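So you can see what is in the structure, the chains are spelled out below.
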Amino acid sequence: QVQLVESGGGSVQAGGSLRLSCAASGRILSSYVMGWFRQAPGKEREAVAALNKSNGRTAYADSVKGRFTISRDNAKGTVYLQMDSLKPEDTAVYYCAASTYWATLSSLLSLKYDYWGQGTQVTVSS
C-alpha cells in the first residue's frame, strides 16, 4: 500500500503559478502509475494529468495542456504538478492518486486509481 500526502495549494491571481507536491511512502514510487485529479464546486471529479510507470510517458486533459506539467523525483518519492498561467476555472480541490494497473498512453487518464491523497485547495481569482 502507498500513502499519499498533497501540499502546495493556495490562493493566487489569474496568470500566476503554483506547484503542487505529492509525497508518497510505503512502496517505491516507480511501481505506480501516478495521476492528478481535481473537483470544482458543482462538478464531477476529472483527471488532469498522469504519469506512467517505467517509461515516464505523460498525458494531460485538453483544458490544461501547455499550462500544467506533471513530473516525479523517484529519489525523493515525490510527484509534482507545476501549474502556470492559472485561470479562475482552475479553482478546485486537487488530488494525487496512484494506480497498480498497467496503462497505455491512451488509458492513463481513464485508468482505475486505487490510492488517493486527502486533497489540497487551489483558488484562482480574477
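These figures come from a predicted structure and were not determined experimentally.

Each value, and the rule that gives it
Residues numbered from 1 in each chain as written. Predicted model: local features only at pLDDT ≥ 70, side-chain atom pairs only at ≥ 80, totals over all residues. Heavy atoms only, no water. Core = buried A, V, L, I, M, F, W, Y, C linked by side-chain atoms within 4.5 Å. Buried < 20%, exposed > 50% of the residue type's maximum accessible area, 1.4 Å probe, protein only. Helix = DSSP H or I, 4+ residues; strand = E, 2+ residues; numbered from the N terminus. Contact = heavy atoms within 4.5 Å. Polar contact = N/O pair within 3.5 Å; in protein donor to acceptor, adjacent residues only side chain to side chain. Pairing = 2+ DSSP bridges. Axes fitted to C-alpha atoms, helices over the stretch in contact; angles between N-to-C directions. Salt bridge = Lys/Arg side-chain N within 4 Å of Asp/Glu carboxyl O.

Draft legend 1. Main features of the nonpolar core. In this structure, Met34, Leu81, Met83 and Tyr94 are the most contacted members of the largest nonpolar core, which totals 30 residues. Elements supplying a minimum of two residues to this core: β3 (18-25), β4 (33-39), β5 (46-51), β7 (68-73), β8 (78-83), β9 (92-99) and β11 (120-125). Once residues lying within four places of it in the same chain are set aside, the contact partners of methionine 34 are Leu4, Cys22, Leu29, Ala49, Ala50, Leu51, Ile70, Val79, Cys96, Ala97, Ala98 and Tyr113.

Draft legend 2. Spotlight on the environment of serine 99. Examined against the element boundaries, serine 99 turns out to sit in strand β9. What makes serine 99 buried here is its relative accessible area of 0%. Not counting residues up to four positions away in its chain, the partners in contact with serine 99 are Tyr32, Val33, Lys53, Leu111, Lys112, Tyr113 and Asp114. Among the polar contacts listed, one links the side chain of serine 99 to the backbone nitrogen of tyrosine 101, at a separation of 3.1 Å.

Draft legend 3. Inspection of the environment of threonine 91 at higher detail. With respect to the helices, strands and loops of the structure, threonine 91 is situated in the loop between β8 and β9. Along the sequence, threonine 91 and leucine 18 sit 73 residues apart, while their C-alpha atoms lie 12 Å from each other. In this structure the side chain of threonine 91 is engaged in a polar contact, spanning 2.9 Å, whose partner is the backbone oxygen of proline 88. In terms of polar contacts, threonine 91 uses its side chain to reach the backbone amide nitrogen of valine 124, at 2.9 Å.

Draft legend 4. Region of interest: the sheet that holds strand β1 (residues 3-7). Across the sheet, which stays open at both edges, the four strands sit in the order β1-β3-β8-β7 with antiparallel pairing between neighbours. Edge strands, defined here as strands with exactly one partner in the open sheet, are β1 and β7. Strand-to-strand twist in this sheet, taken as the mean axis angle between neighbours without regard to direction, amounts to 15°.

Draft legend 5. Layout of unusual backbone geometry. With a phi angle near 50°, serine 85 is a residue other than glycine that sits in the positive phi range. In this structure, serine 85 sits in the loop between β8 and β9. On the basis of relative accessible area, serine 85 is assigned to the partly exposed category, the value being 42%.

Draft legend 6. Seen up close, the pattern of salt bridges. Going through the model one piece at a time under the given rule, you end up with four salt bridges. Residue glutamate 46 is joined to arginine 38 by a salt bridge in which the shortest nitrogen-to-oxygen separation is 2.8 Å. The class for glutamate 46 is partly exposed, based on a relative accessible area of 29%. One salt bridge in this structure joins arginine 67 and aspartate 90, with 2.8 Å as the shortest N-O distance. One end of the pair, arginine 67, is in the loop between β6 (58-60) and β7; the other, aspartate 90, is in the loop between β8 and β9, and 23 residues separate them in sequence. Each member of the pair, arginine 67 as well as aspartate 90, is classed as buried. One continuous salt-bridge network, built from bridges that share partners, spans Arg38, Glu46, Arg67 and Asp90.

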